[in-house]
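Architecture and fold: a report
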Amino acid sequence: MLYFNKEESDWIADDSSQDIESIFHKHPVIHIPERRLDYISPTVILWAAHLKKSWAKRPEATERTINYIFYFRTEVIMADFILLDEDFSDFPIGEFPYDKNHSAMGEYHFIHYPGYYGKWYDPVCNHVYNGQGASWIISEYNGKHFMEQMRIRNDKPHRTFPMLTSGDRFWRDYTITASVRMFTTKWGNAGIGFCCQNSANLLVLVFEEHELRLEYRHKEEVSIIESAPFDYNCDDTYVLKAEIKGSHVICSVDDKVYFDLDTEYARQGGKVAITATIPTQFGFVNVTTSESTAASIDAARNAYKAECEDAQAHYPKMKLLKKIDLKGCGTGRQLRFGHLLGNGEYQMVMAQCQKRVNRDAYGTISCLTAFDLDGNILWQHGEPTDNHDIGTISADMPMQIYDIDGDGFDEVITAKNFEVLILDGRTGEVKKRAKTPFSTPEEDGTIIGVPDKIYAFDRINPDGMRICNFRGLEKPRDILIKDRYCRVYALNDDLEVMWHFQSDKNTGHFPFAIDINGDGHDELLVGYNMLDYNGNKMWTMPVNEDHIDEIVPGRFESGPHKGTKFFACVAGKEGFLISDFNGKLLKKDGIGHAQRVSLANYLPNRPGYEMVVVNFWGHQGIIYFYDSEGNQLWEMENELNGNLLTPVNWTGDGQDFILLNADVERGGMIDGNGIQVVKFPDDGHPTMCAEAVNLYGDARDEIVTWDYDSMYIYTQDDAPKDDVYAPFKYPDYNASNYRGEYSYREKWW
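As the structure is a prediction and not an experimental result, all values here were calculated from the model. (Residues numbered from 1 in each chain as written. Predicted model: local features only at pLDDT ≥ 70, side-chain atom pairs only at ≥ 80, totals over all residues. Heavy atoms only, no water.)

It is worth spelling out unusual backbone geometry at this point. Positive phi, close to 50°, is recorded for Cys195, a residue that is not glycine. Residue classification places Cys195 among the buried residues on the basis of a relative accessible area of 1%. The backbone of Asp452 shows a phi angle near 65°, a positive value even though the residue is not glycine. The topology assignment puts Asp452 in the loop between strand E27 (430–435) and strand E28 (464–468). (Buried < 20%, exposed > 50% of the residue type's maximum accessible area, 1.4 Å probe, protein only. Helix = DSSP H or I, 4+ residues; strand = E, 2+ residues; numbered from the N terminus.)

Have a look at this one:
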């Protein structure tokens, strides 16, 4: 944008006979190269816009406005409304904020990494980046700042496209211009993105394989809409521009038009992006639109906000019920609820942890602390610490709360120091103990998923734990333990090993125990393999890569598969899978690294139970919503990690809401249409962890948020209700960071 002082503005307005060259030459607010004077209109405005910040500091620039009148042959040209004017000068030299550990914490923790973001969001995370530093850095040359992408390998865990995005999904009908310089031309691509509904649903104008390409990227598919030869090099900086109006797109480089076409993908509108899979330097990004379009964008954004506020007015708000000081014993999502005192009230146990050998591969519990819900410590097993590193572990810890001996008091079943322990829930004293099984020398070299191809210990270090009913008893009294990714062990309630299974495919994190054939015994879905109650393989899904993160059993209530029982699975880079109870794949959606899944009555006016999935590694945080038959209805991105997708029985009328995370603005709960229906209050509550649990009063859920220091418990701000809907949900005694969630009217298996 150009700035004039008052006298200059008056002179321009008083003398309409002046042409544009005279204006700029007599009043050199900014130097315009001669070759650009004949293309002054929007191009010069865009070309000059990135200097706005520096010229705004001139003392004579006292008359400022977004829209300035320029005269060109007695015609009035209005400068476009600026949506984005970025030259990266506000960024300090250094790294764009990111997870320095490249950990899985963001799978189920909401974490905001410190640093200056400006107007940009980095949607791409990748565990293979560990030890490689930041994806994006801010550099300086000749007094100018640049944003640079630094990744050189983007094929693991699946193909990804590093990018920074800006704007929102309501943007449309705009012009984006950006400068791009590639530091290597041997491979990869670099350019700009637009009409970006999320980081895996956008149009891009990129250089690749010595072509200029207009592409549409959606999920894992890349479609080339148009291409042209282009002899780019590593020394020149190119100005890329895309003008979007409805379905019409005009793409140019250095003012030369290469593509002029229509594509329906442009109609979706959305954010803009800078993107590269090779080291690339971006100097400026400008986005403009017309005043009328800017007004319609605001109107659409305000309409969505009003729709959310109207919905929020119809539902109970969150009321703070409890605020608990965790007394230096807090942790991440290693939390369990149960009835330790046998008095019908809930208590909780928090596990602090330590890492051993290699990151999260051999995590172990260091201290258990039992609290009542008034914050009183009931007992501790181990030594607590206020070192927050004990909470930064992205794995399940072996711990469940369950009355395994039927005495009316829940026990705490756990493992520590290569022992499986059953603790008295009232006191923490050991009731039973047994050594964990040996990891045999014969198994070394054949164990899946261990660092360095060898198991670090002689005995098993349990990674997770589940209560099962392999013996077909009146109530479950068997315990499943597992190592990280390969072996599972079935124990009875005397902690004796009944059987164990070494998998030829990754076990995933939390195998699912379910009686699929009605014989009274649990079968066990271990990753892609189904085992009978004696640990023998029954069948396997036709999938070999990656592992299953979460599993939910379901039943089709309509459509061609009506009555068929199925497993809805999120399986990393294999995406979202639906198989029947015989392992036959019925649906597969390649959404990137699928991470979490839940099934519930999110749209009561539709048949069956809807499904919602979110991804993480690669293009993280995109939420995909499906009907009860597995057909996608919508997708959205809230630009946050730690989206839980937990079904919440908040109203008690049969409709479930979707809990995202504890962020005040973009977290809270949404309904099956993606409308934010319940917000968290802006009361300083902890935001790292959140959960929905029915702790008090009626059958409706409470919401619990916590971090290392404190816990807040919220309930509805109306009075408890009688005869409210009470869904069948995952039992408290099988808690996990990797359990797919469900909320059904009844148990149907």
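Moving on: the layout of surface pockets. Considering only enclosed or pocket space, the largest pocket measures out at about 1300 Å³ in volume. If you trace the largest pocket, you find 48 residues lining it, with His127, Arg484, Tyr485, His547 and Trp617 closest to the centre. Looking at the lining of the largest pocket residue by residue, the classes come out as 17 nonpolar, 15 polar and 16 charged. If you trace the second largest pocket, you find 28 residues lining it, with Arg169, Phe170, Tyr304, Glu637 and Arg666 closest to the centre. (1 Å grid on protein atoms, 1.4 Å probe; cavity = no way out; pocket = protein on both sides within 12 Å on 5 of 7 lines; lining within 4 Å. Points joined across faces, edges and corners; volume = space filled by probe spheres on them. Nonpolar A, V, L, I, M, F, W, Y, C, P; charged D, E, K, R; others polar.)

So, on to the confidence of the model for the protein. Mean pLDDT over the protein works out to 90, with 89% of the residues at or above the 70 mark. With pLDDT under 50 throughout, residues 1–78 is counted as low confidence; its partners more than four residues away or in other chains account for 127 contacts. (pLDDT = per-residue confidence, 0-100. Contact = heavy atoms within 4.5 Å.)

This paragraph deals with the pattern of salt bridges. One pass over the full model with this rule turns up 45 salt bridges. Residue Asp494 pairs with Lys432 through a salt bridge whose shortest N-O separation is 2.7 Å. Note that Asp494 is positioned in the loop between strand E30 (487–491) and strand E31 (497–502) and Lys432 in strand E27, a separation of 62 residues in sequence. Residue class for Asp494 comes out partly exposed when judged on its relative accessible area of 45%. Note that Lys537 is salt-bridged to Asp504, the shortest N-O span being 3.3 Å. A residue pair is termed long-range when its members are at least 10 positions apart, and Lys537 in strand E35 (residues 537–540) and Asp504 in the loop between E31 and strand E32 (512–514) qualify at 33 residues. (Salt bridge = Lys/Arg side-chain N within 4 Å of Asp/Glu carboxyl O.)

Attention shifts here to the sheet that holds strand E26 (residues 419–423). One open sheet accounts for 4 strands, arranged E24-E25-E26-E27; its pairing is antiparallel. Either end of the sheet is taken by a strand with one partner, and the two such strands are strand E24 (399–402) and E27. Each neighbouring strand pair of the sheet contributes to a mean axis angle of 15°, computed without reference to strand direction. Pairing of strand E25 (residues 411–416) with E26 involves 5 bridges; the strand directions are antiparallel. Its bridge partner being in E26, Val412 is matched across the sheet by Leu423. (Pairing = 2+ DSSP bridges. Axes fitted to C-alpha atoms, helices over the stretch in contact; angles between N-to-C directions.)

Looking now at the state of the cysteines. Two cysteines form a disulfide when their sulfur atoms are joined by a covalent bond. One pass over the full model with this rule turns up 0 disulfides. No disulfide involves Cys367; its nearest neighbouring cysteine sulfur is the one of Cys329, lying 6.2 Å away. (Disulfide = S-S within 2.5 Å.)

Before going further, it helps to spend a moment on the side chain of Thr160. Within the fold, Thr160 resides in the loop between strand E7 (144–149) and strand E8 (163–166). Among the residues examined, Thr160 registers a relative accessible area of 1% and is labelled buried. Among all residues touching Thr160, those that are not within four sequence positions of it are Val124, Asn126, Tyr129, Asn154, Thr277, Gly618 and His619.

A word on the pairing of strand E33 (residues 523–526). Neither face of E33 is exposed, since Glu523 and Leu525 on one face and Leu524 and Val526 on the opposite face are all buried. Pairing geometry for E33 and strand E34 (residues 529–531), over 3 bridges, is antiparallel. Pairing of Leu525 across the sheet is with Met530, part of E34.

This part covers the packing of aromatic side chains. Throughout the structure, instances matching the rule amount to 39 aromatic pairs. Aromatic side chains Tyr216 and Tyr265 sit 3.6 Å apart centroid to centroid with 10° between the ring planes, which places their arrangement in the stacked category. Remark: Tyr265 occurs in the loop between strand E16 (256–262) and strand E17 (271–276) and Tyr216 occurs in strand E12 (residues 211–218); sequence separation between them is 49 residues. On the accessibility criterion, Tyr216 (9% relative accessible area) is buried. In this structure Tyr265 comes out as partly exposed when scored by relative accessible area, which is 34%. Here the aromatic rings of Trp748 and Trp749 are separated by 4.9 Å at their centres, their planes lie at 80°, and the arrangement is edge-to-face. Assessed through its relative accessible area of 10%, Trp748 is described here as buried. Assessed through its relative accessible area of 22%, Trp749 is described here as partly exposed. The ring of Tyr129 is capped by Arg151, whose NZ or CZ atom sits 3.7 Å from the centre of that ring. The aromatic ring of Phe512 is capped on one face by Arg466, whose charged end is 4.8 Å from the ring centroid. (Phe/Tyr/Trp six-rings, centres within 6.5 Å; stacked < 30°, edge-to-face > 60°. Lys NZ or Arg CZ within 6 Å of the ring centre and 35° of its normal.)

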